[in-house]
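Topology and contacts: notes
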Amino acid sequence: MEVPRLDRALSSPSSPCEEVIKNLSLEAIQLCDRDGNKSQDSGIAEMEELPVPHNIKISNITCDSFKISWEMDSKSKDRITHYFIDLNKKENKNSNKFKHKDVPTKLVAKAVPLPMTVRGHWFLSPRTEYTVAVQTASKQVDGDYVVSEWSEIIEFCTADYSKVHLTQLLEKAEVIAGRMLKFSVFYRNQHKEYFDYIREHHGNAMQPSVKDNSGSHGSPISGKLEGIFFSCSTEFNTGKPPQDSPYGRYRFEIAAEKLFNPNTNLYFGDFYCMYTAYHYVILVIAPEGSPGDEFCKQRLPQLNSKDNKFLTCTEEDGVLVYHHAQDVILEIIYTDPVDLSLGTVAEITGHQLMSLSTANAKKDPSCKTCNISVGR
């Protein structure tokens, strides 16, 4: 049975022993703080003895929900009518300064069987650390509450996007991908020192490195997947790679068939923008059966290499032919080492456009084109 989201205020029980919080709200009320202090106009009566929640357990964590349960002494347990849940985002000095200001969330829930599910994309973000504490409360006939002391404070972290969420992003990206253009090479721009270092210290082979935190905050590949970034975009009028790049004046070019062929798998990784009109799609190419392939199979939607809206490899008259989407900027991650001898390194004639770099770029959380309703 489908369970309505809490931002619709009501939900249905998923089993006899657990129930989604009912009548959950972000009412503008002033509850006791975690030290038991009350404001004069809080509407909460003098504290009487109610059982204090302890041994709090957080489980079934997703990118925008979690289940919470706790233990309580049986004394006065039958007087409990509500639970107060104090949910706060853990302080992080590296948090995205462009996101909306985070407000401490006080959740009011009717006393239902535990565990209960807390769900809401409007106050839970993926891959984010939170603290949570709980009070029990008894609502009086005059509307005031008698409350217990706060429980201990528990910390937890929400999860990454699941395949279901990434499929929603994929479908949004397909809408704007545009027509397909033919291409023949993948390329990677870096500074001359990078390629010199590869030759001297890595036996001429570019090594995968951990992807940075650019793109969607909930992307399961950020900070986890190891790979090498490539591009494949071409200029409309020439059909060749552009001569400008934000990443360096030296370019490694490799025939497309060396990286993308029937022995590799293709995965959708992310869809985002950086407060600009153009959008980026991250795709992952992994040799079949490789560690990168196993990582992606568990976390990312797999694409049909011959038939998708972003990057295709088809055979025509015994020759592999390649096409890329015109209206999105593709960022390709290849998950295995790549030897420089498989391609060529040469200096480009254009400019290094640093403003186009996506290194650790943060996604625009307000863009309706590339966001889904499960946090940013």
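Preceding this paragraph is the structure being described.
As the structure is a prediction and not an experimental result, all values here were calculated from the model.

1. Remarks on the overall build of the chain
Helix and strand counts for the chain come out as four helices and 24 strands. The 376 residues of the chain split such that 47% are buried. Considering only residue pairs separated by 6 or more positions, the chain has 75% of its internal contacts joining residues 24 or more positions apart. Of the roughly 18700 Å² of accessible surface on the chain, 49% is carried by carbon and sulfur atoms.

2. Focus on the environment of I332
Position of I332 relative to the elements: it lies in strand 22 (residues 329-334). Residue classification places I332 among the buried residues on the basis of a relative accessible area of 1%. With residues up to four places along the chain from it excluded, the contact list for I332 reads F186, I228, F229, F230, C232, L283, I285 and L311.

3. A word on helix 4 (residues 291-299)
Structural remark: α-helix, 3.6 residues per turn; residues separated by three or four positions point the same way. Regarding helix 4, the residues found buried are G292, D293, F295 and C296. An end-on view of helix 4 places all buried positions within 160° of arc, on one side of the element. In helix 4, the exposed positions angled more than 90 degrees off the buried face are occupied by P291 and Q298. At its buried positions, helix 4 is contacted by strand 17 (264-272) and strand 18 (280-287).

4. Brief notes about the nonpolar core
F186, F230, F268, L283, F310 and L311 are the most contacted members of the largest nonpolar core, which has 56 residues in total. In terms of residue count, the dominant contributor to this core is strand 18 (seven residues). The residues touching F230, leaving out its near neighbours within four places in the chain, are F186, Y187, R188, M206, F252, I254, L259, L330, E331, I332, Y334 and V338. In this structure, I68, W70, F123 and I154 belong to the second largest nonpolar core, which totals 23 residues.

5. Some words on the sheet that holds strand 18
The strand order across the open sheet formed by six strands is 14-15-22-18-17-19, and the pairing between neighbours is mixed. Of all the strands in the sheet, just strand 14 (209-210) and strand 19 (302-303) have a single pairing partner and so form its edges. Two strands pair when backbone bridges link them, and strand 17 and strand 19 are joined in this way by two bridges, in the antiparallel orientation. Within strand 19, the residue paired with L266 across the bridge is L303. Sheet strands in contact with helix 1 (residues 163-176) are strand 17, strand 18 and strand 19, and its direction is about 80° off that of strand 17. Across the face of the sheet, helix 4 comes into contact with strand 17 and strand 18 while running at roughly 55° to strand 17.

6. Re the packing of aromatic side chains
Here the structure, examined in full by the defined rule, presents 12 aromatic pairs. Geometrically, the ring pair formed by W70 and Y83 is edge-to-face, given 4.7 Å between the ring centres and 85° between the ring planes. Pair noted here: W70 is in strand 4 (residues 65-71) and Y83 is in strand 5 (residues 82-89), with a separation of 13 residues, a long-range link. No difference in accessibility class separates W70 from Y83, as the two residues are buried. Centroid distance F260 to Y322: 5.9 Å. Interplanar angle 45°. Geometry classified as tilted. Taken together, the residues F260 in the loop between helix 3 (256-259) and strand 17 and Y322 in strand 21 (residues 319-325) connect sequence positions 62 residues apart. Here F260 and Y322 have matching classes, each one buried. One aromatic cluster is present, formed by F183, F186, F260 and Y322 through successive ring pairs. Over the face of the ring belonging to F295 we find R299, whose NZ or CZ atom lies 4.0 Å from the ring centre.

Quick notes on the rules
- Residues numbered from 1 in each chain as written.
- Predicted model: local features only at pLDDT ≥ 70, side-chain atom pairs only at ≥ 80, totals over all residues.
- Heavy atoms only, no water.
- Helix = DSSP H or I, 4+ residues; strand = E, 2+ residues; numbered from the N terminus.
- Buried < 20%, exposed > 50% of the residue type's maximum accessible area, 1.4 Å probe, protein only.
- Contact = heavy atoms within 4.5 Å.
- Areas by Shrake-Rupley, 256 points an atom, 1.4 Å probe, with all protein chains shown as cover.
- Arc of directions from axis to C-beta.
- Core = buried A, V, L, I, M, F, W, Y, C linked by side-chain atoms within 4.5 Å.
- Pairing = 2+ DSSP bridges.
- Axes fitted to C-alpha atoms, helices over the stretch in contact; angles between N-to-C directions.
- Phe/Tyr/Trp six-rings, centres within 6.5 Å; stacked < 30°, edge-to-face > 60°.
- Lys NZ or Arg CZ within 6 Å of the ring centre and 35° of its normal.

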